[in-house]
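# Chains, contacts and geometry: an overview
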Amino acid sequence: MDPVLEFLEAWLKDTYIHHLMNENRWAWPVSESLHFMGLSLLFGIVGLYDLRLIGFLKRLPMAALHRLIPWGVLGYGINLMSGLTFLSARPDQYIHNPSFQVKLLFMTGAGINVTVFYLMSYGLVKEMGSGMEAPVRARIAGAVSLACWTGVIVCGRLITFFRPPAFYWCFWC
Amino acid sequence: MDWKAFFTGVEASWLSVWVRESESLLAFPAIIALHAIGMGLLVGANIAMDLRVLGFAPRIPLSVLDALFPVMAIGFSVNAVSGVLLLLAYPTKALTNPLFYAKLTLIALALVAARSIWKRMPGNQEAAQEPVPSKLKMLAGLSLGLWAAAVAAGRFLAYTYTYLSAYDL
């Protein structure tokens, strides 16, 4: 058996959240509802900023729009927490799931992209008002962000169609 | 009206069978993925408008918030089409669940709220120093609540149905 999964299952099986998710019939749908509200916050707010970076919605002042980004980060936080409740409940259904693994890859891509954006391009756009066009590297960052988060949503929705044991990816096994 | 015959007929149509039973990832899986993306665009852009009305990101002029409408319209269109396809695939499952009607009502109310927020917006080209009327703020709060409830209702549909297909009636 996969040692990573073995460790996770041993660690999680006595946790409160593992029991709550598996024994209370409403815990899963409540967690999913939060996950979809977080999705709307993250994809909606960050996606708007991405669209503005790419060159759409130019009437919105870039700097002022950036003030909404913390709400997108809140969505990310909600989804990290609610996502962990699913993982805690059924680690075997996620760890080896190809769609879940690709989802994590897209999340990593979004993470690297946002880091590079704030280090290399944010300074060029942070004072921008309405009607102004972002430089090419900021536009690329916007497009990469939008593509990665779209990939995250698609892979998230496909998890259920790639469940182990029928599907099984384990590059570390 | 013979509902069982109606649902049986819909479920036997080629489009319903394709969405429900095709092995292709472009059938049911792609449609629910699109439904989530459309939701993110529609609800997300609406949240952005509500947050601005509530006083966050105050340097966005209220008068340019209509720039968000095309994003909402695209999200709504994607979800109307994908939603109808999902309904065709599982008409019995949806239409025998009272929560489905609640979800549609919540969406209708949320759209009415969004429309009346825009209609009451002070037409102010300056970087809106003018305080937003408290009635408008209440509408924005209501809008956030309605969208949250609509999203939750959608998720709970997967856990609250009684009959999956006409065969179960």
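Since this is a predicted model, take the numbers as computed values, not measurements. (Residues numbered from 1 in each chain as written. Chains lettered and ligands numbered in written order. Predicted model: local features only at pLDDT ≥ 70, side-chain atom pairs only at ≥ 80, totals over all residues. Heavy atoms only, no water.)

## Quick look at the overall build of chain B
Counting its regular elements, chain B contains seven helices and zero strands. If you list the helices and strands of chain B from N to C, you get α-α-α-α-α-α-α. Of all intrachain contacts in chain B linking residues separated by at least 6 positions in sequence, the fraction that spans at least 24 positions is 78%. (Helix = DSSP H or I, 4+ residues; strand = E, 2+ residues; numbered from the N terminus. Contact = heavy atoms within 4.5 Å.)

## Some thoughts on the packing of helix H9 (residues 136-158) of chain A against helix H3 (residues 28-53) of chain B
Where H9(A) meets H3(B), the axes come as close as 9 Å, and the angle between the chain directions of the two elements is 135°. Comparing the axis directions of H9(A) and H3(B) gives the class oblique. Relative to H3(B), H9(A) is oriented so that their crossing is right-handed. Of the residues in H3(B), those touching H9(A) at A:Thr150, A:Ile153, A:Val154, A:Arg157 and A:Leu158 are B:Pro29, B:Ile32, B:Ala33, B:Ala36 and B:Ile37. Among the residues forming the contact of H9(A) with H3(B), the class breakdown is eight nonpolar, one polar and one charged. (Axes fitted to C-alpha atoms, helices over the stretch in contact; angles between N-to-C directions. Parallel < 35°, antiparallel > 145°, perpendicular 65-115°, else oblique. Left-handed = near helix turned anticlockwise from the far one by under 90°. Nonpolar A, V, L, I, M, F, W, Y, C, P; charged D, E, K, R; others polar.)

## As for helix H2 (residues 14-21) of chain B
For an α-helix, the turn length of 3.6 residues means that residues three or four places apart are oriented alike. Residues and elements named next belong to chain B. Every buried residue of H2 is listed here: Ser16, Val19 and Arg20. All buried residues of H2 fall inside an arc of 90° around its axis, so they share one side. Along its buried surface, H2 packs onto helix H1 (3-12), H3 and helix H4 (69-89). (Buried < 20%, exposed > 50% of the residue type's maximum accessible area, 1.4 Å probe, protein only. Arc of directions from axis to C-beta.)

## Here we look at the interface of chain B and chain A
Put simply, an interface is often sized by how much accessible area is lost when its parts join up. Contact residues are listed per partner, giving 35 residues for chain B and 34 residues for chain A. Carbon and sulfur atoms supply 80% of the area buried between chain B and chain A, which totals about 3100 Å² over both sides. Across the pair A:Glu32 and B:Arg155 runs a salt bridge whose closest N-O atoms are separated by 2.9 Å. Where chain B touches chain A, the interface holds three residue pairs in polar contact (both at pLDDT 80 or more). Per-element accounting of the side of chain B that touches chain A gives the leading share, 15 residues, to H3(B). For the side of chain B that touches chain A, the per-class residue count stands at 28 nonpolar, four polar and three charged. (Buried area = accessible area lost by both parts, 1.4 Å probe. Salt bridge = Lys/Arg side-chain N within 4 Å of Asp/Glu carboxyl O. Polar contact = N/O pair within 3.5 Å; in protein donor to acceptor, adjacent residues only side chain to side chain.)

## What about the packing of aromatic side chains?
Scanning all chains against the criterion turns up 19 aromatic pairs over all chains. The interplanar angle of 75° and the centroid separation of 6.3 Å between the aromatic rings of A:Phe161 and B:Phe28 together place this pair among those described as edge-to-face. With A:Phe161 in the segment after H9 and B:Phe28 in helix H3, this pair bridges two chains. By relative accessible area, which is 28% here, A:Phe161 ends up partly exposed. Here B:Phe6 and B:Phe7 contribute two aromatic rings whose centre-to-centre distance is 5.8 Å and whose plane-to-plane angle is 50°, an arrangement assigned as tilted. Take B:Phe6: its relative accessible area is 36%, and that puts it in the partly exposed class. A residue is classified by how much of its surface remains accessible, and B:Phe7, at 4% relative accessible area, is buried. Three or more aromatic residues link up through ring pairs in this structure, and these residues are A:Tyr49, A:Phe117, A:Tyr118 and A:Tyr122. Of note, B:Lys93 hangs over the ring of B:Tyr90, and the distance from its end group to the ring centre comes to 5.2 Å. (Phe/Tyr/Trp six-rings, centres within 6.5 Å; stacked < 30°, edge-to-face > 60°. Lys NZ or Arg CZ within 6 Å of the ring centre and 35° of its normal.)

## Digging into the state of the cysteines
Residue and element names in this part refer to chain A. Following the criterion strictly, the structure yields one disulfide over all chains and no others. Linked covalently through their sulfurs, cysteine 170 and cysteine 173 form a disulfide whose S-S length is 1.8 Å. Across the S-S bond of cysteine 170 and cysteine 173 the torsion is about 70°, and the bridge reads as right-handed. The buried category is assigned to cysteine 170, whose relative accessible area is 18%. Free cysteine: cysteine 148, not disulfide-bonded; nearest cysteine sulfur from cysteine 155 at 10 Å. Classification of cysteine 148 as buried rests on a relative accessible area of 10%. (Disulfide = S-S within 2.5 Å.)

## Some points on the confidence of the model for chain B
Looking at chain B as a whole, its pLDDT mean stands at 94, while 95% of the residues score no less than 70. Prediction confidence for the complex, expressed as pTM and ipTM, is 0.95 and 0.95 respectively. (pLDDT = per-residue confidence, 0-100.)

## Comments concerning the packing of helix H7 (residues 98-120) of chain A against H9(A)
All names here are of chain A. Packing of H7 against H9 brings their axes to within 8 Å, and their N-to-C directions diverge by 160°. The angle between H7 and H9 places the two elements in the roughly antiparallel class. In the crossing of H7 with H9, the sense of the turn from one axis to the other is left-handed. The segment H7 lies against H9, with Ser99, Val102, Lys103, Phe106, Met107, Gly109, Ala110, Asn113, Phe117 and Met120 engaging Arg137, Ala138, Ala141, Val144, Ser145, Cys148, Trp149, Gly151, Val152, Cys155, Gly156 and Leu158. The class makeup of the residues in the contact of H7 with H9 is 14 nonpolar, six polar and two charged.

## With respect to the nonpolar core
Of all hydrophobic cores here, the largest spans 68 residues; its most connected members are A:Tyr49, A:Val125 and B:Ile60. Residues contacting A:Tyr49, with those up to four places away along its chain left out, are A:Met62, A:Leu65, A:His66, A:Ile69, A:Phe117, A:Tyr122 and A:Val125. With 13 residues, the next largest nonpolar core counts A:Leu8, A:Leu12, A:Phe100 and A:Ile159 among its residues. (Core = buried A, V, L, I, M, F, W, Y, C linked by side-chain atoms within 4.5 Å.)

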